[in-house]
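What follows is each chain in one-letter form.
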Amino acid sequence: NELNIQDIRDSGRNGNFKVSDHAFDEMTEDDLDLENVLHSLENGEIIEQYPKSRIAPSCLINGIDYEENPVHSVWGFFKEKLFSVLVTVYKPNNDEWMDDNKTRRKK
């Protein structure tokens, strides 16, 4: 029951998605705009899957924005509607992530 990044990219391209209030706040805080987030979705890869997420199966995507900065975004995907929700988005930091931005640091 793993998510396919292509499904999420397609919903992004088709405008068949919404941005949660939380994600909007995080974008503002990290100085990201939606174009940069969608760009990171296009070139990104799924690094974690959350199949039992509360609202819909979700995943964490690691990508880069137009300035080659790393961006992490969490997307929920509703398969039956081919609809996605940007749950949250942020610029990964070195306290939590290794230099590859894919591996969590051990606590």
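Keep in mind that this is a model prediction, so the values were computed, not measured.

Re the sheet that holds strand S2 (residues 45-50)
Think of a sheet as strands paired side by side through backbone hydrogen bonds, with each pair either parallel or antiparallel.
Here is step 1 of the chain: Across the sheet, which stays open at both edges, the 5 strands sit in the order S1-S5-S4-S3-S2 with mixed pairing between neighbours. Two strands close off the open sheet at either side, each with one partner strand: strand S1 (17-19) and S2. Strand-to-strand, the axes of this sheet are offset by a mean angle of 30°, without reference to chain direction.
Here is step 2 of the chain: In this structure, S2 lies alongside strand S3 (residues 58-64), joined through 5 bridges in antiparallel fashion. Bridge pairing in S3 places Tyr50 opposite Ser58.
Here is step 3 of the chain: Against the sheet, helix H1 (residues 5-13) makes contact with S1, S2, S3, strand S4 (70-78) and strand S5 (83-90), and its axis sits at roughly 90° relative to S4, the strand it touches most.
Here is step 4 of the chain: Sheet strands touched by helix H2 (residues 21-29): S1 and S5. Its angle to S5, the strand with the most contacts, is close to 35°.

Some words on H1
Here is step 1 of the chain: Listed in full, the buried residues belonging to H1 are Ile5, Ile8, Arg9, Ser11 and Gly12. An end-on view of H1 places all buried positions within 160° of arc, on one side of the element.
Here is step 2 of the chain: In this fold, the buried residues of H1 make contact with S1, helix H3 (34-43), S2, S3, S4 and S5.
Here is step 3 of the chain: Put simply, Asn4 is the residue that caps the front of H1, since its side-chain oxygen is 2.7 Å from the backbone nitrogen of Gln6.
Here is step 4 of the chain: One or two residues past the end of H1 sits Gly15, with phi positive at roughly 70°.

Overview of the pairing of S3
Here is step 1 of the chain: Of all 7 residues in S3, 6 are buried; the element is thus mostly enclosed.
Here is step 2 of the chain: Judged from the 7 bridges that link them, S3 and S4 form a sheet pairing that is antiparallel. Within S4, the residue paired with Ile61 across the bridge is Ser73.
Here is step 3 of the chain: Counted along the chain from S3 to the antiparallel partner S4, the turn is 5 residues long, and its residue Glu68 has a positive phi close to 70°.

What about the environment of Phe83?
Here is step 1 of the chain: Position of Phe83 relative to the elements: it lies in strand S5.
Here is step 2 of the chain: Measuring from C-alpha to C-alpha, the distance between Phe83 and Ile8 comes to 7.8 Å, with 75 residues separating the pair along the chain.
Here is step 3 of the chain: For Phe83, the residues in contact, after removing those within four places along its chain, are Asn16, Phe17, Lys18, Gly76, Phe77 and Phe78.

Describing H2
Here is step 1 of the chain: Taken residue by residue, H2 has Ala23, Glu26 and Met27 as its buried positions. End-on view of H2: buried residues confined to an arc of 105°, all on one side of the axis. In H2, the exposed positions that point more than 90 degrees away from the buried face belong to Asp21, Phe24, Thr28 and Glu29.
Here is step 2 of the chain: On its buried face, H2 is in contact with S1, H3 and S5.

Calculation notes
- Residues numbered from 1 in each chain as written.
- Predicted model: local features only at pLDDT ≥ 70, side-chain atom pairs only at ≥ 80, totals over all residues.
- Heavy atoms only, no water.
- Pairing = 2+ DSSP bridges.
- Helix = DSSP H or I, 4+ residues; strand = E, 2+ residues; numbered from the N terminus.
- Axes fitted to C-alpha atoms, helices over the stretch in contact; angles between N-to-C directions.
- Contact = heavy atoms within 4.5 Å.
- Buried < 20%, exposed > 50% of the residue type's maximum accessible area, 1.4 Å probe, protein only.
- Arc of directions from axis to C-beta.
- Polar contact = N/O pair within 3.5 Å; in protein donor to acceptor, adjacent residues only side chain to side chain.

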